[in-house]
There are 4 protein chains.
Amino acid sequence: MAREHRWTVRVYWEDTDAGGIVYYANYLKFFERARTEWLRQLGLQQQVLRERLGGMFVVTQAQVSYRHPARLDDQLHVVTAASDVGRATVTLVQRAQRDDGVLLCDGQVRIGWVDAASLRPARLPAALAEALRPLVLPALGENGT
Amino acid sequence: MAREHRWTVRVYWEDTDAGGIVYYANYLKFFERARTEWLRQLGLQQQVLRERLGGMFVVTQAQVSYRHPARLDDQLHVVTAASDVGRATVTLVQRAQRDDGVLLCDGQVRIGWVDAASLRPARLPAALAEALRPLVLPALGENGT
Amino acid sequence: MAREHRWTVRVYWEDTDAGGIVYYANYLKFFERARTEWLRQLGLQQQVLRERLGGMFVVTQAQVSYRHPARLDDQLHVVTAASDVGRATVTLVQRAQRDDGVLLCDGQVRIGWVDAASLRPARLPAALAEALRPLVLPALGENGT
Amino acid sequence: MAREHRWTVRVYWEDTDAGGIVYYANYLKFFERARTEWLRQLGLQQQVLRERLGGMFVVTQAQVSYRHPARLDDQLHVVTAASDVGRATVTLVQRAQRDDGVLLCDGQVRIGWVDAASLRPARLPAALAEALRPLVLPALGENGT
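## Points about the sheet that holds strand β3 (residues 75-85) of chain C
Read from one edge of the open sheet, 10 strands run β1(B)-β3(B)-β4(B)-β5(B)-β2(B)-β2(C)-β5(C)-β4(C)-β3(C)-β1(C), paired in antiparallel fashion. Whereas interior strands pair on both sides, the edge strands pair on one side only; in this sheet they are β1 (5-10) of chain B together with β1 (5-10) of chain C. Averaged over all pairs of adjacent strands, the angle between strand axes in this sheet comes to 25°, irrespective of strand direction. The pairing of strand β4 (residues 89-98) of chain B with strand β5 (residues 103-115) of chain B spans nine bridges and is classified as antiparallel. Across the sheet, residue Thr89(B) finds its bridge partner in β5(B), namely Gly112(B).

## Concerning the interface of chain B and chain D
Tallying the contact residues gives 18 residues for chain B and 18 residues for chain D. Carbon and sulfur atoms supply 46% of the area that chain B and chain D bury against each other, a total of about 1,900 Å² over both sides. A per-residue breakdown of the area chain B buries against chain D is headed by Tyr12(B), Trp13(B) and Glu14(B), which together make up 34% of the total. The tally of links from chain B across to chain D stands at four salt bridges. A salt bridge links Arg40(B) to Asp73(D); the nearest nitrogen and oxygen atoms lie 3.6 Å apart. At the surface where chain B touches chain D, the tally comes to eight residue pairs in polar contact (both at pLDDT 80 or more).

## Looking at the interface of chain A and chain D
At the junction of the two partners, chain A supplies 26 residues and chain D supplies 26 residues. Both faces considered, chain A and chain D share a buried interface measuring about 2,100 Å² in area, 58% of it formed by carbon and sulfur atoms. At the surface where chain A touches chain D, the tally comes to zero salt bridges. Across the contact surface, chain A and chain D share 14 residue pairs in polar contact (both at pLDDT 80 or more). Elements that contribute at least two residues to the side of chain A that touches chain D include exactly α1 (26-40) and β2 (55-66) of chain A. Here the side of chain A that touches chain D takes 10 residues from β2(A), the largest share from any one element. Pairing of β2(A) with strand β2 (residues 55-66) of chain D, which is carried by five bridges, proceeds in the antiparallel orientation. Pairing of Ala62(A) across the sheet is with Val64(D), part of β2(D).

What counts, and where the lines are drawn
- Residues numbered from 1 in each chain as written.
- Chains lettered and ligands numbered in written order.
- Predicted model: local features only at pLDDT ≥ 70, side-chain atom pairs only at ≥ 80, totals over all residues.
- Heavy atoms only, no water.
- Pairing = 2+ DSSP bridges.
- Helix = DSSP H or I, 4+ residues; strand = E, 2+ residues; numbered from the N terminus.
- Axes fitted to C-alpha atoms, helices over the stretch in contact; angles between N-to-C directions.
- Contact = heavy atoms within 4.5 Å.
- Buried area = accessible area lost by both parts, 1.4 Å probe.
- Salt bridge = Lys/Arg side-chain N within 4 Å of Asp/Glu carboxyl O.
- Polar contact = N/O pair within 3.5 Å; in protein donor to acceptor, adjacent residues only side chain to side chain.

These values are about where atoms sit, not about what they do.
Right, here's the structure in full:
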């Protein structure tokens, strides 16, 4: 399984605003869809997780840098990778690139596992942690001499 | 209690699209917010209804005519009135007007009461029906000779 | 070219609401994305249309019936077909079905061609009308005895 | 003029997701609406700015921490203040609190002035910079020994 997950999305009217570009909050929608597809290709469907494990992921932190605007009809590639899997949270690095390779925006999103009823933070179920840990990107310089 | 309920909303960046105007689906958001405020001024909070009565409203039909576009910074007045209260559904007529009185869009929305767990249609609770019936607009021509 | 255009969309968190189902206005987003893909497969990119012809489509009427709710992770098939191409407007019938064939919602959307700067209704450019007319569904009963 | 600007928003169905809470990207919508109202009370309407000065603000960075979830019908108070006004960008600190004072989320958003046609970064017009500078919050510790 590749550590970097790629997922493609098209920019529609709903994504743009009167400035003629994609509205800034909508990149967080693209990022969330990509995280969902990243989990799905690991066999982890969120509706199923909730029914079986009684929990769900919620975002606890998000940080985004907007580099270049995207426009109607653009095709974006969202790249997702895990940078850390902790006891109760998973940290992802995500970016959106245009077809021609131009970086549009990039950021880091931390998601935390919570009990679905109480919404209280909870320890990541072992099965989830074990599925996600092997995907964590090696830290920069970790392999250095 | 006035039969026509008025509620004001401002057009923000998120509401517009690259055509420079409010995206068509967003009028349904404005209409839904207005219905929620219409219910609230009747003392009907939807989260409370759900907890007490175990049900909620879902939209079963919507019909909208778009007359004039709205733009960033416009202030819209959404007018809401009930045109029918049935056994399981309520029909509303709604319209959005600009500050200067120009009609932007109008339509009709039917909402149905459903069991919150099964989502199956259910009879409108008596307390709800009694609160809503007196607000129904007289039918056109009903008072005619 | 098939007269019925099919396009698939997944339900993500952003599409749902606290009722656990897809928020009613979001079907209009799905319908709009499907219309955009329907135009694209005819070689009609909207950003390009605007630059070359100085116009764009805006929705003038929408009518939707909600039959069954969709939920997180559902895969929907949106079917789009033209039912009429007039001098200045195109009428489409659209529906969303679940993977298992259950009809979730269906409706009719009328789009009108407008000058992109003034937003005034304008005659459909000949090239557009000619591309779209052959796709119009035969009226019900048209082939009758 | 108070340095901290307060603006109130209600949570509607559209803001929530199937987890029963406000969808994480929607806080960025609330923050944007609050920034727009913050500018408006300074006499700065964005549509007017664009027509007169040929430019607009776009977000270049956003950073949000999600502390507690908000739910349907909650009333949120969004507090906005400028923490820096540079040559081409303005940095704001923003937070959303519930009616009972509980902090729901807070963050920092940097907006940059761009030419509306080319979207290229541009120097903040003098009139804008002069209107915004007096509002900048004193840096933490600035008044120290």
